[in-house]
Amino acid sequence: MDSQTAVPNQTAPDASTAGKLKPNSLGVLGILFFVLSAQAPLTGVAGAVPIAVAIGNGAGAPAAYLAAGLITLLFSVGFVAMGRHVVDAGAFYRYIGKGLGRDLGHGSAGIALFAYCAVQAAMYGLYGATVNGLLAHYAGIDVPWWVCALVTMAIVQVLGALGIEMGAKVLAVFVLAEFSILSAFAVVTFAKGGGPEGLGFADTFSPGAALEGAPGVALMFAVASMIGFEATAIYGEEAREPRRTVPRATYAAVALVTGFFAFASWMLISSYGASKAAGAAGKALEGGDSTAFVFAPIAAQFGTWVNDVLPILLATSLFAGILAFHNSANRYLFSLSREGLLPRRVSAVNNRHSPGVAGFVQTSIAVLLVIPFALAGKDPVLTLFSWGSGIAVLAIMLLYFLTSVSVVAFFRRERLDTRPWNTLVAPLLGAVGIAGAIWLIVENFTTLIGGDRTTALWLQAAVPAVLVLGVVTGRLTRPART
């Protein structure tokens, strides 16, 4: 089978289409929907908040989201400054290559692609299990989780090939749905003055509450919930006025996500009462369904119909995240091909100016990552989802750190922007904060993946191994590039 038949709407690359994404396709809102979809708000709240509350710092967990947001904001300052001078679908690896050298840039390209494919595969695991449960509950049929995942891969492939505008429209519907119900719950709870112990602002945001228990664990999960906002730069080539649109979308994404997670988690804790929240979260975890900690108070607020709607929204939240990471990963493949690190054919675009071949390659990678877990009969949530998301968080945080350092190096050398705060102070502070977050992730990696120490060590070792592989691959292919 040739690429003409394997990839929907794919045309052979020519002078008018090869290596060119469709410009002026996305505004601030379009990019924002891709970013928010990658962060899967409902999945993040239902999956991470109960753990952060139960084994982290209890009622002080929302403060961890504010701290994670501050670290991300500091990183964003330098990230945005760099983006004004480097507009490329490769984002991270281009930034790091410009500041720290081509070899490290190529190594970071491998890490970025590895991270995005890993987190997408992780989402397929949780998504497959979620849809399996929905089909069993509503249709009375038992469809293996991996069949649900494979069917969805085909749908995602088609949507990706239809163009960036179509993807933005689909994601807008799903993101608004999950945001609406969580935001409505938080606003109503706040308007009613909170739960049985009131709003409990001091019980959540005071220094004593924030540092209670194991704040490092809570911060680790908060940081994990923030990843994905960097996709703003990936769509720079397809944005309208990228030097204005990308910075606005980046800052809007950081502010919105930080505020959303902090406010929603605060109201969840308030609905139980600060003194009882940790116990309720622990009980949900012991029962094997962490979502109960989130779904129960929402159902109590709006009615039992929510128990039927929220699992469906969880599935659509995961689908939106899968589609968002598909688009991010295929643009990395597209950019690497255009750079000469992958076959030139991969940088071909279809008649909708979408990276069709790269999309097909990305879908093939997803199949290769998911099938082994299906053949081995592994639990898709306890293994594929936990391992994939854990390794993606570690890999992306390493990319954040390298990018921050690269920003400083780039502007010290090029002097294209001499603003100290934007090109030196904020990036360095961000690098320090990110380094601390990486240390917390490594120290608590076993908790993050929900596995054993040996598995944790192997997964952690994979990140530097991919970095080295990327450097070696870059050096081997360099002579072939012009």
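Residues numbered from 1 in each chain as written. Predicted model: local features only at pLDDT ≥ 70, side-chain atom pairs only at ≥ 80, totals over all residues. Heavy atoms only, no water.

- Labelled according to an unreviewed UniProt entry, the protein chain appears under the name APC family permease, originating from Streptomyces chartreusis.
- Note on the protein chain: under the UniProt heading Subcellular location (unreviewed entry), the record states "Membrane". (UniProt positions renumbered as here; feature names shortened; annotations may be inferred.)

### Focus on the pattern of salt bridges
So, point 1. Enumeration according to the criterion identifies three salt bridges in this entry.
So, point 2. The salt bridge involving Arg475 is made with Asp103; its shortest N-O contact spans 2.9 Å. In this pair, Arg475 sits in helix H21 (residues 453-477) while Asp103 sits in helix H6 (residues 102-138), placing the two residues 372 residues apart along the sequence.
So, point 3. Of the charged contacts, one joins Arg413 and Glu414 as a salt bridge, the two residues approaching to 3.4 Å between their closest N and O atoms.
So, point 4. Residue classification places Arg413 among the partly exposed residues on the basis of a relative accessible area of 45%.
So, point 5. In this structure Glu414 comes out as partly exposed when scored by relative accessible area, which is 38%. (Salt bridge = Lys/Arg side-chain N within 4 Å of Asp/Glu carboxyl O. Helix = DSSP H or I, 4+ residues; strand = E, 2+ residues; numbered from the N terminus. Buried < 20%, exposed > 50% of the residue type's maximum accessible area, 1.4 Å probe, protein only.)

### Here we look at the packing of H6 against helix H17 (residues 356-375)
So, point 1. As a packed pair, H6 and H17 sit with axes 10 Å apart at the nearest point and diverge in direction by 60°. With respect to each other, H6 and H17 are oriented oblique. Judged by the sense of rotation from one axis to the other, the crossing of H6 with H17 is right-handed. Residue-level contacts link Cys117, Ala118, Gln120, Ala121 and Tyr124 of H6 to Gln362, Ile365, Ala366, Leu369 and Val370 of H17.
So, point 2. For the contact of H6 with H17, the residue count by class is eight nonpolar, two polar and no charged. (Axes fitted to C-alpha atoms, helices over the stretch in contact; angles between N-to-C directions. Parallel < 35°, antiparallel > 145°, perpendicular 65-115°, else oblique. Left-handed = near helix turned anticlockwise from the far one by under 90°. Contact = heavy atoms within 4.5 Å. Nonpolar A, V, L, I, M, F, W, Y, C, P; charged D, E, K, R; others polar.)

### Quick look at unusual backbone geometry
For residues that are not glycine, phi is negative in most cases, and the peptide bond is trans in most cases.
So, point 1. In this structure, Arg415 is a non-glycine residue whose phi angle is positive, near 55°.
So, point 2. If you trace the backbone, Arg415 turns up in the loop between helix H18 (380-414) and helix H19 (420-443).

### Considering the side chain of His326
So, point 1. Tracing the sequence through the fold places His326 in helix H16 (residues 306-339).
So, point 2. Not counting the four nearest positions on each side in its chain, His326 is found in contact with Gln120, Val156, Gln157, Gly160, Gly359, Gln362 and Thr363.

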